[in-house]
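Below, each chain spelled out in residue letters.
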Amino acid sequence: MIYSYFEYFIFFYSSAMLLSLLLLGIFSSIKQWRFRVYNTEQDDLFLMNSSLTPGISIIAPAFNEEKTIIVNVKSLLTMEYPTFEVIIVNDGSTDRTLELLIREYDLEETAYAYVERIKTAPFKRIFRSRNPLYSNLTIVDKVNGGTKADASNAGINASKYPYFICTDVDCILDRKTMLKMIKPILNSKNRTIAVGAVLRMSNSCDIKNGVITRVRPPRRLIPRFQELEYMRSYLFGKLGWSFINCVPNVSGGLGLFDKEVAINAGGYDGKSHAEDMDLLTKMVTYMSNSKQKYTVDYIPVSCCWTEGPSNLKILARQRIRWATGLAQIFFVHRKVFFNPSYPKLGFIVFPYIFLFEFLAPIIEAFGLFWFLLLIVKGDVNWDTVAFMFLYVYSFGIAISSLVIFMDYLVKRQYKTFWEYFSVWIISLIEGFIYHPFIIYFSIAGYIRYFTSRKIQWGTMTRQGFDIQPEIEHAK
């Protein structure tokens, strides 16, 4: 009886997952078309020349980022937008991050009206530049709080504009990122509390003075797997969820938020290691509790490039932390599940993420064990197995192919057919090479959280951009 029930469960579980992916594909296609309607150069020009374009604060926490800090700050300062500021939060770095910033941008400690609207680890001081060219640059120096969330809260406290973008200091943003991301807010009938955009891998891209001059697919295997994974996640997943206003999270790598709502919701949880989903959950519950209509939107445009893990060791740190953060979210916000006060969040978003993202690695691992057990017992119908494998394998390749085609339609990021083809080829072997590691790291993260409840941020080793010669580091 258990044997029979388990097989039926797997059948209905897999069918539900495939059906949901199909629906998300349809939804994302509609969203892509809708965005193209008003994503024009004329809109950008109008926003650049309008005095009514809302100001935006770019917040980028930095902890031991000496290899990339200068080139990435340069990138942020060259953004095309009429009114914005860049806030770098030095979160207790122990390397030369702050020293390099002070020297490069002629910084000096200055008096500043820092109001702690959100509680953080102790604030130390504010730096501003003597050079008028960098008048929109602010450096917040604080004691390390142990999480990106705590550093982001300090950036929110120091910000002065009604909207803020939270990003990672190792990210390279497209110069028109703010012009693209502000449009859903200005075009929405309801209050848009958060907007996300597509993230890509910066590995192997040509970068000069903080600007990507040539987009290329990553040369190394693991970042190339992640490139395809990110394309599916954003263009197929989050874009599709935004069609029914059920976005589960706005990426910590790049997200635009309504500052008033974020502060009223309590800001980031300073102890959270899934700060992106945590903040959005708090903002949505705040809007629901206060009976206000809201929208969370995504745009199909690639606006952000981030350096992905280049080897398994770094990938393991990243994915184990993501898994522990996901487990933490469900524990901290368990009251949201099937709560009628939060109809979409409680009855659609959280159950779906729990069933098809949190439980998926566990079910896959158990399914593999069950399959091996059936082989030992000699109970495998190999004709049926071959048919089911071909069906699932073909469906996965079809999804990846559609996503690559959608990316091509939005904007031709790669210059040659062979670059697109090289990314598509990855989909043929992803399930055999990359995916098993993701399952293993996810389960390891769950075990770590539920056995110790301790989450370590981990070190994301950077290769960096425009690396200076070793003699420069010795000075």
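Up top you'll find the structure we're talking about.
Being a predicted model, the structure only gives us computed values, none of them experimental. (Residues numbered from 1 in each chain as written. Predicted model: local features only at pLDDT ≥ 70, side-chain atom pairs only at ≥ 80, totals over all residues. Heavy atoms only, no water.)

**Some thoughts on the environment of glycine 396**
Relative to the elements of secondary structure, glycine 396 occurs in helix 14 (residues 382-410). Taking the C-alpha atoms as reference points, glycine 396 and leucine 428, separated by 32 residues in sequence, lie 8.9 Å from one another. (Helix = DSSP H or I, 4+ residues; strand = E, 2+ residues; numbered from the N terminus.)

**As for empty space enclosed by the protein**
By the definition in use, this model includes 1 cavity of 30 Å³ or more. Of the volumes computed, that of the largest cavity is approximately 70 Å³. Contributing to the lining of the largest cavity are Asn245, Cys246, Val247, Leu280, Val284, Tyr294, Val296, Lys344, Leu345 and Val349. Broken down by element, the residue count for the lining of the largest cavity peaks at 3 residues, all from helix 12 (residues 343-358). Along the lines of polarity and charge, the residues of the lining of the largest cavity split into 8 nonpolar, 1 polar and 1 charged. (1 Å grid on protein atoms, 1.4 Å probe; cavity = no way out; pocket = protein on both sides within 12 Å on 5 of 7 lines; lining within 4 Å. Points joined across faces, edges and corners; volume = space filled by probe spheres on them. Nonpolar A, V, L, I, M, F, W, Y, C, P; charged D, E, K, R; others polar.)

**Here we look at the packing of aromatic side chains**
Taken as a whole, this structure holds 37 aromatic pairs when the rule is applied. Judged by centre distance (4.9 Å) and plane angle (20°), the ring pair of phenylalanine 27 and phenylalanine 243 falls under stacked. Here the residue phenylalanine 27 occupies a position in helix 1 (residues 2-38), and phenylalanine 243 occupies one in helix 8 (residues 221-243), the gap between them amounting to 216 residues. Taking relative accessible area as the criterion, phenylalanine 27 reaches 18% and is therefore assigned buried. Phenylalanine 243 sits in the partly exposed class, given a relative accessible area of 26%. Relative to phenylalanine 350, the ring of phenylalanine 337 has its centre 5.3 Å away and its plane inclined at 75°; by these criteria the two rings are edge-to-face. With a gap of 13 residues between them, phenylalanine 337 in the loop between helix 11 (312-332) and helix 12 and phenylalanine 350 in helix 12 connect regions that are remote in the sequence. (Phe/Tyr/Trp six-rings, centres within 6.5 Å; stacked < 30°, edge-to-face > 60°. Buried < 20%, exposed > 50% of the residue type's maximum accessible area, 1.4 Å probe, protein only.)

**Some thoughts on the packing of helix 13 (residues 360-377) against helix 15 (residues 417-452)**
Helix-helix packing: each pair is described by the crossing angle between the helix axes and the interaxial distance. Two numbers describe how helix 13 lies on helix 15: the axes approach to 9 Å, and their chain directions differ by 115°. Here helix 13 is positioned roughly perpendicular relative to helix 15, judged by the angle of their axes. When you trace helix 13 past helix 15, the crossing you get is left-handed. Contacts between helix 13 and helix 15 involve Pro361, Ile362, Glu364 and Ala365 on the former and, on the latter, His435, Ile439, Ser442, Ile443 and Tyr446. Across the contact of helix 13 with helix 15, the residue classes break down as 6 nonpolar, 2 polar and 1 charged. (Axes fitted to C-alpha atoms, helices over the stretch in contact; angles between N-to-C directions. Parallel < 35°, antiparallel > 145°, perpendicular 65-115°, else oblique. Left-handed = near helix turned anticlockwise from the far one by under 90°. Contact = heavy atoms within 4.5 Å.)

**So, the pairing of strand 1 (residues 56-62)**
Counting buried residues in strand 1 gives 7 out of 7 residues, a clear majority hidden from the surface. The alternating pattern of strand 1 places Ile56, Ile58, Ala60 and Ala62 and Ser57, Ile59 and Pro61 on opposite faces, both of which are buried. Of the pairings in the sheet, the one linking strand 1 to strand 2 (residues 84-91) comprises 7 bridges and is parallel in character. Looking at strand 2, one finds that isoleucine 56 is bridged to phenylalanine 84. The parallel pair strand 1 and strand 2, bridged by helix 3 (residues 69-77), forms a crossover whose chirality is right-handed. Examined bridge by bridge, strand 1 and strand 6 (residues 163-167) share 4 bridges and lie parallel to one another. By the bridge assignment, isoleucine 56 is partnered in strand 6 with tyrosine 163. (Pairing = 2+ DSSP bridges. Right-handed = clockwise from strand over helix to strand, strands pointing away.)

**Thoughts on the layout of surface pockets**
Taken as a whole, the second largest pocket spans an internal volume of roughly 580 Å³. Lining the second largest pocket are 27 residues, and of these Asp174, Ser302, Trp305, Lys411 and Gln413 sit closest to its centre. For the lining of the second largest pocket, the secondary structure elements donating two or more residues are helix 1, strand 7 (172-173), strand 10 (211-214) and strand 12 (294-306). In the lining of the second largest pocket, the residues fall into 10 nonpolar, 6 polar and 11 charged.

**Brief notes about the environment of serine 288**
Note on placement: serine 288 falls in helix 10 (residues 275-289). Using a relative accessible area of 14% as the deciding quantity, one classes serine 288 as buried. Separated by 123 residues in the primary sequence, serine 288 and lysine 411 have C-alpha atoms spaced 36 Å apart.

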